[in-house]
Structures are given as C-alpha cells and as structure tokens.
Amino acid sequence: MKDCRAAVITAHNQPLEIQRVPIPDLEPGALLVRIEASTLCGTDVHRWHGSLSDADSLPMITGHEPCGTVEAIHGKRTDILGHPVKPGDRVVWSYVACGSCYYCSVALQPCICPGRASWGHNRSDRYPYLLGSCAEYMYVPPPCLIIQVPEEVSSASAAAAACAYRTVMHGFDRLGAIKSHETVVVQGSGPLGNFATAVARDHGARQVLVIGAPAARLKVTKRMGADAVLNLEEVTDPKERRQWVLDHTDGRGADIVIQVANNLAVPEGLTMLRDGGRFVNIGAGGNANIAARSLPQEMTFHTIRSGEPRHWFQAIDFLASRKNVFPFEEMISASYTLDQVNEALQAMASYQVVKAVIKFP
Ligand SMILES: [Zn+2]
Ligand SMILES: [Zn+2]
C-alpha cells in the first residue's frame, strides 16, 4: 500500500479535492491508523475559509477529530493506561506538546505550548503527509498518547471526543468540584453544550439550566440532563433570559456559567453569574468587549483551550461508563462518505447540521 484517498483543501473556499496521498514510512513508536469515523467541527470550516491560515499552509487534509483502527505499529507501544496496543485496536490519540518549554515544564499548561502539534492544518505534500482525519489513513507521531475505545462507544462518538468532548472535560477539570447546592447555567446546546450538560449533571449540580436553540436540539438537551431549557429563538430579549436565571436561583444568579456557544455570548453570561461565581469559557469565535466594572465581584474566570491527554481519556471513559444514562448518539446529526466531504462542510458552514460525521466503510 503506497497511498490512500484523502479530502484535500488545495485553495481556500474552493471545493476540496479527493486526492491520493502517500502513506509514510513509520518512525520508531509511530502508528498507522485506518480511519473509521471523522467528525467535523467549526474549526474545519474556518480552515477551509482561510481565516485561520494562509495559502502557504496548503495543500492540507481537512479534519482533526479521528477515530480509527490500528493498522501498523513500528515497535511496541502501550496506551495511556499501560496496556499494549495491537493492530486491530480501535483508538483515539492526543495532541503532542513539546514537553520542554516554560508552559510544558514549569507552568504545567501544555495546551498553550507554542510548539504543540495538532491535526487538520498540516501540509499533505510533506512527510508524514497524513495528519488530517478526512482520509482513509492517518499517521500517529510517536509522542502521541493512545486511548483505546471500548466496544460500547461508537467510532463517531469517539471521534467527537477527540476534540469537542475532551475540551469540555478540560473545562470541568479547571472548574473543580461542583457542590450539591450549586446551579450551573450552560450557554449553548450544540455538541459541547449538550455534553457539558451531561457532565454537570453527573458531577452533582443541584440544577442545570441550558440556554440554546433550536427547539429540536433542546429536546436532546433535556435528555442529556438539563432541568430546564430556554429557547433563544423564543426569548429574544437578554434581560428576560437573565430574569429566567434569577427566577431559578432565588434572585442571586448562577453559581457557575459554562459558555460553549460563541465568545459574543460572554457578556450576557456574566449578567447571569452571581457574585463570587465561576465562569468557564469554552466557546470560540467572536470578540466581545467586557467592561471590568460589569464583572461580578470575587468571580473566577477560566478560559479553556483544547485539552491535555488525560482529557481525551476522560471523555472516552465518560461516553463508555455513562452510556446507559445519557443518549450520546443523538448528538451526532448527519452522516456522510468521504466523497461527500464538500456537502458535509457546506452543511456545517450553513449551520444546517450540528455535528457532521464522515464514515468510512
Ligand atoms: Zn474540533
Ligand atoms: Zn512546550
């Protein structure tokens, strides 16, 4: 096997081409993985539009949310729990930080390591070629940590865990414990919002209130553990939305607000937080002005980027161990083949689907 098929961005805003891309020789410790599912996320749309990179970064294979089956390993590898990894195992794998910079080694914040490697934006005409997930195979560089995917987790859900869900786990890690009397407000009812709802419920919140849209998605949000949902399309006045939160919290505001929609929603989220509360900002996009004097007193603000290897593990483990509690499979809304990649990206770009998945037969 010398090459495989991959969805390649050759020019921004132009249809992706299905090209044959070389399968690289493996360095010691590297893996070759046959892709089972690749979910798409907003970042893939931004990279396609060109807002995140210049023309020098092309051609690139799109996609950074893979789950696949190990095809080959150079040498011996173990997974994040110390179990041997074998051909045929279904896996996801972490990003790689440099391990030696200030952020990695002194601050212990590897997600902001300037030398961090990630997928879906690497040139496909340079070794090791296969670093995007919309391809039949992907190359797994030696320092990546491997997480096995248990039978009870679908490849599509595991792929979503490789970006969306592990970022949510990172957010809860930084947030710390949720006390049993605390109210959590989640802003957003997409895959991150619904997953955050399940985790907040699981971590013992007294009540979880979710603000999102449209109505069909909020039905899933309810099944993911929300006590009450507010439809943004029905309640369009931010003052009324704030009042809804106050009505649920004795007039104080929420103990915790988790923003997973868009940075533009941060100022509104801050009006819903009580003095002394905790805010977790996971959403991307947008740029909101925040007046310092509008901040609740003694509040804590966390901004979250990506995840550390343990968050990949936590997301996969949550999907497996809470499978009978939350209907995770309902979050992935549309399935495509590799040849339909343009249709899939277009559907994401126009917000027709929440989470598209490319499945490989
Ligand atoms: Zn993503
Ligand atoms: Zn580093």
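Refer to the structure above for everything that follows.
Conventions used here
Residues numbered from 1 in each chain as written. Chains lettered and ligands numbered in written order. Predicted model: local features only at pLDDT ≥ 70, side-chain atom pairs only at ≥ 80, totals over all residues. Axes fitted to C-alpha atoms, helices over the stretch in contact; angles between N-to-C directions. Helix = DSSP H or I, 4+ residues; strand = E, 2+ residues; numbered from the N terminus. Parallel < 35°, antiparallel > 145°, perpendicular 65-115°, else oblique. Left-handed = near helix turned anticlockwise from the far one by under 90°. Contact = placed C-beta atoms within 7 Å. Nonpolar A, V, L, I, M, F, W, Y, C, P; charged D, E, K, R; others polar. Pairing = 2+ DSSP bridges.

Draft legend 1. Structural detail: the packing of helix 3 (residues 155–175) against helix 4 (residues 191–202). The N-to-C vectors of helix 3 and helix 4 enclose an angle of 50°; their axes lie 10 Å apart at closest approach. With respect to their mutual orientation, helix 3 and helix 4 come out oblique. Of the two elements, helix 3 crosses helix 4, and the hand of that crossing is right-handed. On helix 4, the residues touching A160, A164, Y165, T167, V168 and F172 of helix 3 are P191, L192, F195, A196 and V199. Tallied by class, residues from the contact of helix 3 with helix 4 come to ten nonpolar, one polar and no charged.

Draft legend 2. Spotlight on the sheet that holds strand 9 (residues 183–187). The parallel open sheet is built from six strands, whose spatial order is 11-10-9-12-13-14. Of all the strands in the sheet, the pair left with one neighbour each is strand 11 (228–231) and strand 14 (300–303). Strand-to-strand twist across the sheet, computed as the mean angle between neighbouring axes with direction ignored, equals 15°. The pairing of strand 12 (residues 254–259) with strand 13 (residues 273–281) spans five bridges and is parallel. For A254, the partnering residue across the bridge sits in strand 13 and is L273. Of the strands in this sheet, strand 9, strand 10 (207–212) and strand 12 touch helix 4, which is tilted by about 170° from strand 10. The sheet contacts of helix 5 (residues 215–223) involve strand 10 and strand 11, and relative to strand 11 the element is tilted by about 165°.

Draft legend 3. Structural view of the packing of helix 3 against helix 8 (residues 309–321). Their axes nearest at 7 Å, the elements helix 3 and helix 8 cross at an angle of 110°. In terms of orientation, helix 3 lies roughly perpendicular with respect to helix 8. Note on packing geometry: the crossing formed by helix 3 with helix 8 is right-handed. Residue-level contacts link S157, A158, A161, A162, Y165, R166, M169, H170 and D173 of helix 3 to H311, W312, Q314, A315, I316 and L319 of helix 8. Across the contact of helix 3 with helix 8, the residue classes break down as nine nonpolar, four polar and two charged.

Draft legend 4. Quick look at the pairing of strand 6 (residues 90–93). Across two bridges, the pairing between strand 5 (residues 66–73) and strand 6 is antiparallel. Paired with T69 across the strands is R90, a residue of strand 6.

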